[in-house]
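If you want the building blocks of each chain, they are given just below.
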Amino acid sequence: MFFRMISGALFRQRKKMLMIAFTIALGTSLATAMLSVMMDVGDKVNQELKTYGANITVVPKDASVIQNLYDVEGGNTTGTYLKEDELGKIKTIFWAFNIVDYAPFLNVTATTEEGKEVTVTGSWFNHHMELPTGETLDAGIASLRSWWSVTDGKWLDEQVESSTDYAMIGKDFAAEQGVKAGDSIHLKGKAGEKTVTVIGVFDAGGDEDGQMFVPLDVAQALAGLDNAVDSIEVSALTTPDNELSQKAAKDPESLTVKQYETWYCTAYVSSICYQIQEVITDSVASAVRQVADSEGAILDKTELLMILITILSMIGAALGICNLVTASVMERSSEIGLMKAVGAQGRSITGLVLTEIMITAIVGGVVGFFAGIGFAQIVGKSVFASAITIRPMVIPMVAVLVVLVTLAGSIPAIRMLLKLHPSEVLHGR
């Protein structure tokens, strides 16, 4: 009898029930899309931000002490260096897959034929290397400096120009020295001489426009520093800092065993820095705070935006349900009054109405969920040019939201239903 009454009510008010289902479907689809994007946006935003440079810098321990004492940046005045042959170990740490790219740097002073003193920076461009894990990796400034635009010539390709000494120079350096792509520059260093061919002139939009970049082995030969590098820049996907990561960054030994395990096994920038220090001899790895803080701030604001959109969409759905259910109860006031007159209790009638609404809500919620998955993929493809991974956690979250919104929207109508008196409804008083 109960199910016959429900099916009859659903059929008689199918237009209003379809509107309720449609309202819930709209709210659910938007909530599903926003929650799905929010749960997957961390890696997507981090990946996008990696195109703007490294977020970790590794320097020799002695150089780090000098920088901290005298608050200076750059330059190696200690005579200590990191070892180039240890760079592959960076891809063996616990968070190896979060290491997107890295490149070593060695700054040396050389003199041109005209007697001008220039700073030459040695680095990798797209260096191919064999990792201790048996894997291979192409790393270097070709991707770490992806915003550089080549105005003359081309990018240096180590895979192609491996037998000749080449260089890339900034536009300001080219203008000052009066050289262009294809010209040769003779450099005399502390321990050797090299004649390099300018293969490209770049516009970096900063101080690098006044510098010369050469393959790392060229800089090492000029300075007589075999296997040496001044610093390493690392680009890594990280999790925004919290109180635990900030505490660990100051002193990992202050953590309890449980806190240490949580911190070490989470991709905090401080955790990745700590693990890099474990594999690179006498090194200090530190976050580039401007980049790391910006990543966390952007991610937090993006997630907050998604949450606000979800909340507003569900509030809108609740208001729509409230209006529709109230109208439905008013139309059925005579039917409800008759049921009360023959002895039906308020809670029984409430259960009947809520069952009808919840069945409608489930149908609308299911349709809205799958529509939301589609919307999430559209957002992913449009904004991040990649698909959004739908987390299993989204399903129960959306289900709870549908139930809460449906109940919240039904409360005013239920209160009206409970206040109906059979005599007033049936006799028109």
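About the thresholds
- Residues numbered from 1 in each chain as written.
- Predicted model: local features only at pLDDT ≥ 70, side-chain atom pairs only at ≥ 80, totals over all residues.
- Heavy atoms only, no water.
- Helix = DSSP H or I, 4+ residues; strand = E, 2+ residues; numbered from the N terminus.
- Buried < 20%, exposed > 50% of the residue type's maximum accessible area, 1.4 Å probe, protein only.
- Contact = heavy atoms within 4.5 Å.
- Areas by Shrake-Rupley, 256 points an atom, 1.4 Å probe, with all protein chains shown as cover.
- Phe/Tyr/Trp six-rings, centres within 6.5 Å; stacked < 30°, edge-to-face > 60°.
- Salt bridge = Lys/Arg side-chain N within 4 Å of Asp/Glu carboxyl O.
- Axes fitted to C-alpha atoms, helices over the stretch in contact; angles between N-to-C directions.
- Parallel < 35°, antiparallel > 145°, perpendicular 65-115°, else oblique.
- Nonpolar A, V, L, I, M, F, W, Y, C, P; charged D, E, K, R; others polar.
- Pairing = 2+ DSSP bridges.
- Core = buried A, V, L, I, M, F, W, Y, C linked by side-chain atoms within 4.5 Å.
- Polar contact = N/O pair within 3.5 Å; in protein donor to acceptor, adjacent residues only side chain to side chain.
- pLDDT = per-residue confidence, 0-100.
- Patch = residues over 30% accessible without salt bridge, like charges linked within 9 Å, V, L, I, M, F, W, Y side chains within 5 Å.

A word on the overall build of the protein chain. Regarding its fold elements, the protein chain presents 14 helices and 14 strands. Classification of the 429 residues of the protein chain by burial places 46% in the buried group. In the protein chain, the share of contacts with a sequence separation of at least 24, taken over all contacts with a separation of at least 6, comes to 76%. Surface summary for the protein chain: the accessible area is close to 21600 Å², and the carbon and sulfur share equals 58%.

Time to look at the packing of aromatic side chains. Counted under the stated rule, the structure contains 13 aromatic pairs. Each ring, one from tyrosine 102 and one from tryptophan 124, has its centre 6.3 Å from the other, and the planes form 45 degrees; the classification is tilted. Note that tyrosine 102 is positioned in strand S3 (residues 99–111) and tryptophan 124 in the loop between strand S4 (117–123) and strand S5 (127–130), a separation of 22 residues in sequence. Tyrosine 102 gets classed as buried once you look at its relative accessible area, which sits at 1%. Residue tryptophan 124 is classed as buried on the basis of its relative accessible area of 2%. Where tyrosine 260 meets tyrosine 274, the ring centres are 6.5 Å apart and the plane angle is 85 degrees; that geometry is what we call edge-to-face. With tyrosine 260 in helix H8 (residues 257–264) and tyrosine 274 in helix H9 (residues 269–279), this residue pair connects regions lying 14 residues apart in the sequence. Since its relative accessible area comes to 25%, tyrosine 274 is described here as partly exposed. Grouping aromatic residues by their ring pairs yields a cluster made of Phe94, Trp95, Tyr260, Trp263, Tyr264 and Tyr274.

Attention now goes to the pattern of salt bridges. Scanning the model with the defined rule gives six salt bridges in all. Residues lysine 180 and aspartate 183 are paired through a salt bridge, measuring 3.6 Å at the closest nitrogen-oxygen approach. For lysine 180, a relative accessible area of 49% corresponds to the partly exposed category. Three or more residues joined by partner-sharing salt bridges are found here, namely Arg145, Glu208 and Glu233.

So, about the packing of H8 against H9. Packing of H8 against H9 leaves a shortest axis separation of 9 Å and a crossing angle of 90 degrees. Judged by the inter-axis angle, H8 sits roughly perpendicular to H9. Note on element contacts: H9 touches H8 through Ser270, Ser271, Tyr274, Gln275 and Glu278, opposite Tyr260, Trp263 and Tyr264. Here the residues of the contact of H8 with H9 sort into four nonpolar, three polar and one charged.

Right, let's get into the side chain of threonine 406. Among the secondary structure elements, threonine 406 is positioned in helix H13 (residues 394–419). Beyond its immediate sequence surroundings of up to four residues, threonine 406 is in contact with Ile24, Ile321, Ile357, Met358 and Ala361.

Once that is clear, we can look at the packing of helix H7 (residues 243–250) against H8. It is the contact of H7 with H8, at a shortest axis distance of 10 Å, that shows an interaxial angle of 100 degrees. Considered as vectors, H7 and H8 are oriented roughly perpendicular to each other. The residues of H8 that touch H7, namely those facing Leu244, Ser245, Lys247 and Ala248, are Gln259, Thr262 and Trp263. Residue classes in the contact of H7 with H8 are distributed as three nonpolar, three polar and one charged.

The element helix H6 (residues 216–223) is extensively covered by neighbouring structure, given that six of its eight residues are classed as buried. Buried within H6 are the following residues: Leu216, Val218, Ala219, Gln220, Leu222 and Ala223. On the buried face of H6, the contacting elements are S3, S4, strand S9 (184–188), strand S10 (193–203), strand S11 (212–215) and strand S12 (228–229). Residue glycine 224 follows H6 closely and has a positive phi angle near 65 degrees.

In this section: the pairing of S11. Here four bridges tie S4 to S11, and the two strands are oriented parallel to one another. Counterpart to threonine 121 in the pairing with S11 is phenylalanine 213.

To continue, consider the pairing of strand S14 (residues 283–287). Only one face of S14 is buried: it carries Ser283, Ala285 and Ala287, and the other face, with Val284 and Ser286, is open. The pairing of strand S1 (residues 56–60) with S14 spans five bridges and is antiparallel. Along S14, the bridge assignment pairs isoleucine 56 with alanine 287.

For the rest of this paragraph, the subject is the nonpolar core. One finds Ile56, Tyr102, Leu187, Met212, Val234, Ile272 and Ile276 to be the most contacted residues of the largest nonpolar core, which totals 49 residues. Membership of the second largest hydrophobic core comes to 32 residues, among which are Ile20, Ala33, Met306 and Ile388.

So, on to the side chain of serine 271. Looking at the secondary structure, you find serine 271 in helix H9. A distance of 3.4 Å separates the side chain of serine 271 from the backbone oxygen of threonine 266, its partner in a polar contact. Not counting chain neighbours up to four residues away, the residues in contact with serine 271 comprise Trp95, Trp263, Tyr264 and Thr266.

Now for the confidence of the model for the protein chain. Here the protein chain averages 81 in pLDDT, while 80% of its residues score no lower than 70. Taken as a whole, residues 68–72 scores under 50 in pLDDT and shows three contacts with residues more than four places along the chain or in a different chain.

The next subject is a nonpolar patch on the surface. Judged by side-chain polarity, Leu304, Ile307, Leu308, Ile311, Leu312, Ile315 and Leu319 come together as a nonpolar surface patch covering roughly 650 Å² of accessible area. When you line up the elements, leucine 312 lands in helix H10 (residues 289–331). Take leucine 312: its relative accessible area is 60%, and that puts it in the exposed class.

Below, the discussion takes up unusual backbone geometry. Phi is positive for asparagine 227, close to 70 degrees, though the residue is something other than glycine. Mapped onto the secondary structure, asparagine 227 falls in the loop between H6 and S12. With phi around 50 degrees, aspartate 282 is a residue other than glycine that occupies positive phi space. Tracing the chain through its elements places aspartate 282 in the loop between H9 and S14. Among the residues examined, aspartate 282 registers a relative accessible area of 53% and is labelled exposed.

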